[in-house]
Amino acid sequence: MTRYEETRQKAIEVLFNNIVEVTVSGITYRRTVPSKEFYVHQWNWDSACVAMGLMHVDPDLAFDELNALLAGQWKNGMVPHIIFNPDEKTYFPGPDIWQTHAQTESDIVTSGITQPPVLTIALHYLYKNAPTPAFAQKCIDQLLPKVIRFHEYLKHFRDPEDGGLISIIHSWESGVDNSPCWDEAYQRINIDDIPQRIKDMVHYYRTDIKHADVSHRPKFEDYYRYLYLVDLFKRLNWDSERIMKESPFCVKDILFSSIWAQANQSLAELCGAIGKEEERDRYHTWAEQTRTALQNNWSDEYQQYCEIDVAQGRHEVIHEPTISMFFPLYAHATTEEQLPKLLARLTDPQEFWTPYPVPSTALNSPKFDIARYWRGPSWVIINAFIIQGLKKYKDKNSQVDQLAEHIIDTTLAMIADQGFSEYFDPTKGGGFKKGQDTMTYGFGSFSWTAAFFIMLYDMYRR
Ligand code: 2M8
């Protein structure tokens, strides 16, 4: 067995070991947790990524993963970012903090915000790779209607201006929770104005730093703000319209919108494949609209795509140098003119072209932090999206395919050398001494790291 075959085998073990069975109202759901070391519930975009990885191993498990995720859908169509396991009490903030019981369609307990709609892309992946016609039909009958409702929710509530870009109302919705992108928007929530009861709650209940190195995790000020928003939304009775109007955090997110564009593309293809032409055209139009909006959000001044802070009627450009700027590649939105400019930043060793790319924040940014969560480390999920984004341009630009291939090599090597960590030091590379240096951060035996090893290996190296 080759080294990568062995790593693939270990990846399967990680995934199988992270599968849990949860019974709610007599129905048993089989689903994967991101890491048993801390993330003991089901997370939205993690599960979508895991489902794609599981598709290479056991399609029935892949189906169960998406089915369990969609079982937590709200009456208004939102698919929450966490589907809780009622038997697990360690994660903070848990169901008692969110109090969303009245919103779900079943007795399943969930958080009250969402995450990038990778799940549509995953559903399309399951359908395309279905082992039997019956499996494909099950995807259409049981999952597609729910995914369509999720898209209608996102369009109606998160793009009320119908401009193509999605607004997020909490940085947890972006998936890149404490990225420098959110710093300025969060400044609006003055720490002194946050009620003491929220700060006390964070100090008393916060569990992540009991399990992980405090220097790897978001700071206390971040958590105060995260929980302040949760508390506000709860007071607004989880009314999406009011939350959109009143939240002090509301940002047109490039990463989320890019995944949204591809999700609509996937949904259009799926609808087209089963003869739903009207739906196909509708979601295709949405995908196109978002691609155009992303293109228009390119800034020549900052040489990147920019988020826009739209909270309470604002329109302020955010231009932090983070991996979000590369996501329009995945949306297939990057124009011929924008492509070389974007690649110049990706391949700049002062910025993103480190020994183990792609750092979540540019190396030369004053906000780069080598170990802290989304402020510096390399993440396999991000690499996987950037690789697939670059691959969409391989016929347009000869350099692009080499870059994608390089990131595939470094990502697979990083995991084979270091294991299935949540995130990795982007800078060590060849200078890393086995047994002496550490390159891995966050929690271990991480599901999406394992899932993407399987996918990247099978798609590009097997
Ligand atoms: C991280 O986020 C959660 C909150 O949702 C946390 O830190 O407690 C992020 O990396 C997020 O993108 C991811 O989905 C989640 C589970 O892996 O962990």
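All values reported here derive from a predicted model rather than from experimental measurement.

Asker: How would you explain the sheet that holds strand β5 (residues 167-168) if you had to name every residue and give the values?
Answerer: Ordered in space as β5-β6-β9-β10, the four strands form an open sheet in which the pairing is antiparallel. Strands with a single pairing partner mark the edges of an open sheet, and in this sheet they are β5 and β10 (316-318). Relative to β10, strand β9 (residues 307-309) runs antiparallel, the two being bridged by three bridges. Bridging from a neighbouring strand, Ile308 pairs with Val317 of β10.

Asker: So what's going on with the side chain of Ser47? Residues and values would help.
Answerer: Summarising the element assignment, Ser47 is placed in helix α2 (residues 44-55). We classify Ser47 as buried; its relative accessible area is 0%. With near-sequence residues (within four places) excluded, Ser47 lies in contact with Thr32, Gln42, Glu65 and Leu69.

Asker: Break down the packing of aromatic side chains for me, with residues and values.
Answerer: Counting across every chain of the model gives 42 aromatic pairs. A ring pair is formed by Tyr4 and Tyr457, whose centres lie 6.2 Å apart and whose planes are at 85°; its orientation type is edge-to-face. Of this pair, Tyr4 sits in helix α1 (residues 3-17) while Tyr457 sits in helix α19 (residues 447-460), placing them 453 residues apart in sequence. Here the two residues Tyr4 and Tyr457 agree in accessibility, since each one is buried. Judged by centre distance (5.9 Å) and plane angle (50°), the ring pair of Phe446 and Trp448 falls under tilted. Just above the ring of Trp286 sits the side chain of Lys155; from NZ or CZ to the centre is 5.4 Å.

Asker: Give a description of the packing of helix α16 (residues 338-346) against helix α18 (residues 398-418) that names residues and reports values.
Answerer: Closest axis-to-axis distance for the α16/α18 pair is 11 Å, and the angle between their directions is 35°. Seen from above, α16 lies across α18 with left-handed handedness. Here α16 contributes Leu339, Leu343 and Leu346 to the contact with α18, which in turn contributes Gln399, Val400 and Leu403. Class assignment of the residues belonging to the contact of α16 with α18 gives a composition of five nonpolar, one polar and no charged.

Asker: I'd like a rundown of empty space enclosed by the protein, residues and numbers included.
Answerer: Following the criterion strictly, the structure yields two cavities of 30 Å³ or more and no others. Its boundaries defined by the atoms lining it, the largest cavity holds a volume of some 190 Å³. Along its surface, the largest cavity is lined by 18 residues, and Tyr39, Trp43, Gln115, Asp177 and Tyr373 are the ones closest to its centre. Among the residues making up the lining of the largest cavity, the classes are represented as 11 nonpolar, three polar and four charged. For the second largest cavity, the calculated volume is near 60 Å³. In this structure, the second largest cavity is lined by Trp74, Met78, Gly112, Tyr153, Arg158, Ile169, Trp238, Ser240, Ile243 and Met244. Elements represented by at least two residues in the lining of the second largest cavity include exactly α6 (133-158) and α12 (240-246). Sorting elements by how many residues they give to the lining of the second largest cavity places α12 first, with three residues.

Asker: Outline the site of the ligand, supporting the account with residue identities and numerical values.
Answerer: By nearness alone, 17 residues border the ligand, and Asp46, Tyr91, Gly175, Asp177 and Tyr373 come closest of all. Separating an oxygen atom of the ligand from a side-chain N or O atom of Trp43 is a distance of 3.0 Å. Contact between the ligand and His81: an oxygen atom at 2.9 Å from a side-chain N or O atom of the residue. Expressed as a share of its isolated accessible area of 420 Å², the protein-covered part of the ligand is 100%. With respect to the detected pockets, the ligand is housed in the largest cavity. Its residues placed into classes, the shell around the ligand shows 11 nonpolar, three polar and three charged.

Asker: So what's going on with α6? Which residues, and what values?
Answerer: Between the first and last C-alpha of α6 there are 35 Å, a value that for 26 residues agrees with the 38 Å anticipated at 1.5 Å per step. Maximal helix bending in α6 amounts to about 45°, located at Leu143; proline Pro145 follows within four positions.

How each quantity is defined
Residues numbered from 1 in each chain as written. Predicted model: local features only at pLDDT ≥ 70, side-chain atom pairs only at ≥ 80, totals over all residues. Heavy atoms only, no water. Pairing = 2+ DSSP bridges. Helix = DSSP H or I, 4+ residues; strand = E, 2+ residues; numbered from the N terminus. Buried < 20%, exposed > 50% of the residue type's maximum accessible area, 1.4 Å probe, protein only. Contact = heavy atoms within 4.5 Å. Phe/Tyr/Trp six-rings, centres within 6.5 Å; stacked < 30°, edge-to-face > 60°. Lys NZ or Arg CZ within 6 Å of the ring centre and 35° of its normal. Axes fitted to C-alpha atoms, helices over the stretch in contact; angles between N-to-C directions. Left-handed = near helix turned anticlockwise from the far one by under 90°. Nonpolar A, V, L, I, M, F, W, Y, C, P; charged D, E, K, R; others polar. 1 Å grid on protein atoms, 1.4 Å probe; cavity = no way out; pocket = protein on both sides within 12 Å on 5 of 7 lines; lining within 4 Å. Points joined across faces, edges and corners; volume = space filled by probe spheres on them. Near = heavy atom within 4 Å. Polar contact = N/O pair within 3.5 Å; in protein donor to acceptor, adjacent residues only side chain to side chain. Areas by Shrake-Rupley, 256 points an atom, 1.4 Å probe, with all protein chains shown as cover. Sits in = over half its atoms within 2 Å of the grid points. Expected span 1.5 Å × (residues − 1). Bend = angle between axes of the 7 residues up to and from the residue.

Remember, this is a structural readout, not a statement about activity or role.
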